[in-house]
Amino acid sequence: MSKKNKLNINSSDDDNLSLEENTNGSIESLEKIISELLEDLGEDVHREGLLKTPSRVAKAYRFLTKGYSDDPEKLLNDAIFYECYDEIVIVKNIDFYSLCEHHMLPFYGKCHVAYLPDKKIIGLSKIPRIVEMFSRRLQVQERMTTQIGNLLNKVLSPRGVAVVAEAKHLCMMMRGVEKQNSVATTSCMIGEFKSNSKTRSEFLKLISSTTD
Ligand SMILES: [Zn+2]
């Protein structure tokens, strides 16, 4: 699948930017860069504990940013069905781990995703996969939330989509303001979740209930 095909299904310029930026250097070049980083930090890259670190870190970063190479078409292939169901569909408490693009430090938390179908539904397991695709990149929480909502809106043309993400940011906890317990919440409301306060309240009530 070429980059061009991937871009078609993505729904905002931000998505395009993320995919275009993914130049996919080799794992060896990444190892070399990590090794240089360690030296710059004043480390002895030849000491025993660090011998395999560049290779481990390179692999870890590849994994943590694997969402760039996920193909939305392949991901959603055969998982969209025609069904006369017109109540809210919600998948809540989806764990996610992402990296903030400003510090390359983790932010992580839970994501709640809902949509109000209009004839089309999506296989429920695909919703966490969509969250995974957009979180395994360098991100800002706001954009990640919007990208998840926009993709569902694009592929399902539903009556509405709602996404809420709640996350702790290590760049806030370990450095800077050092606020240990602050949680950032972002939301993306589309269609009836935006225009109809009753629908929105129902969603917010559903995600605040304690059942996991
Ligand atoms: Zn940050």
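The text that follows walks through the structure, step by step, so that each part is easy to find.

Quick word on the packing of helix α3 (residues 27-40) against helix α4 (residues 53-64)
Logical step 1: Close contact between α3 and α4 brings their axes to 8 Å; oriented N to C, the two are set at 120°. With respect to α4, the element α3 is oriented oblique. Between α3 and α4 lies a crossing whose hand is right-handed. Residues Ile27, Leu30, Glu31, Ile34, Ser35 and Leu38 of α3 form the contact with α4, whose own contacting residues are Thr53, Pro54, Ser55, Val57, Ala58, Lys59, Tyr61 and Arg62.
Logical step 2: Of the residues belonging to the contact of α3 with α4, the class tally is 8 nonpolar, 3 polar and 3 charged.

Here we look at the sheet that holds strand β2 (residues 89-100)
Logical step 1: Taken in spatial order, the 5 strands make up an open sheet running β5-β2-β3-β6-β7, and their pairing is mixed. Strands at the two margins of the open sheet, each flanked by one partner only, are β5 (138-139) and β7 (184-191).
Logical step 2: Sheet topology note: the strand β6 (residues 160-169)/β7 ladder contains 8 bridges and is antiparallel. Of the residues in β7, the one forming a bridge with glutamate 166 is threonine 185.
Logical step 3: Lying over the sheet, helix α6 (residues 126-135) contacts β2, β3 (106-116) and β5, oriented at roughly 20° with respect to β2.

Side note on the packing of α6 against helix α7 (residues 141-156)
Packed helices, taken two at a time, are described by their axes: the angle between them and the distance between them.
Logical step 1: Two numbers describe how α6 lies on α7: the axes approach to 9 Å, and their chain directions differ by 135°. Between α6 and α7, the angle is such that the two are oblique. Here α6 runs over α7; the crossing is right-handed. Contact residues: Ile130, Val131, Phe134 and Ser135 in α6; Met144, Gln147, Ile148, Leu151 and Leu152 in α7.

Remarks on the environment of methionine 172
Logical step 1: Mapped onto the fold, methionine 172 is located in helix α8 (residues 170-173).
Logical step 2: By C-beta crowding, methionine 172 is classed as partly exposed, having 18 other C-beta atoms within 10 Å.
Logical step 3: Remark: the alpha-carbon pair of methionine 172 and valine 183, spanning 11 residues in sequence, is separated by 9.9 Å.
Logical step 4: Beyond its immediate stretch of four places on either side in the chain, methionine 172 contacts Val177, Lys179 and Ser182.

So, the pairing of β3
Logical step 1: Counting buried positions along β3 yields 8 of 11 residues, so the element is predominantly enclosed.
Logical step 2: By the bridge criterion, 9 bridges tie β2 to β3 in an arrangement that is antiparallel. Across the sheet, residue leucine 99 finds its bridge partner in β3, namely proline 106.
Logical step 3: In this antiparallel pair of consecutive strands, β2 and β3, the connection spans 5 residues, and methionine 104 shows a positive phi of 55°.

What counts, and at which threshold
- Residues numbered from 1 in each chain as written.
- Predicted model: local features only at pLDDT ≥ 70, side-chain atom pairs only at ≥ 80, totals over all residues.
- Axes fitted to C-alpha atoms, helices over the stretch in contact; angles between N-to-C directions.
- Helix = DSSP H or I, 4+ residues; strand = E, 2+ residues; numbered from the N terminus.
- Parallel < 35°, antiparallel > 145°, perpendicular 65-115°, else oblique.
- Left-handed = near helix turned anticlockwise from the far one by under 90°.
- Contact = placed C-beta atoms within 7 Å.
- Nonpolar A, V, L, I, M, F, W, Y, C, P; charged D, E, K, R; others polar.
- Pairing = 2+ DSSP bridges.
- Buried ≥ 20, exposed ≤ 12 C-beta atoms within 10 Å, placed from the backbone.

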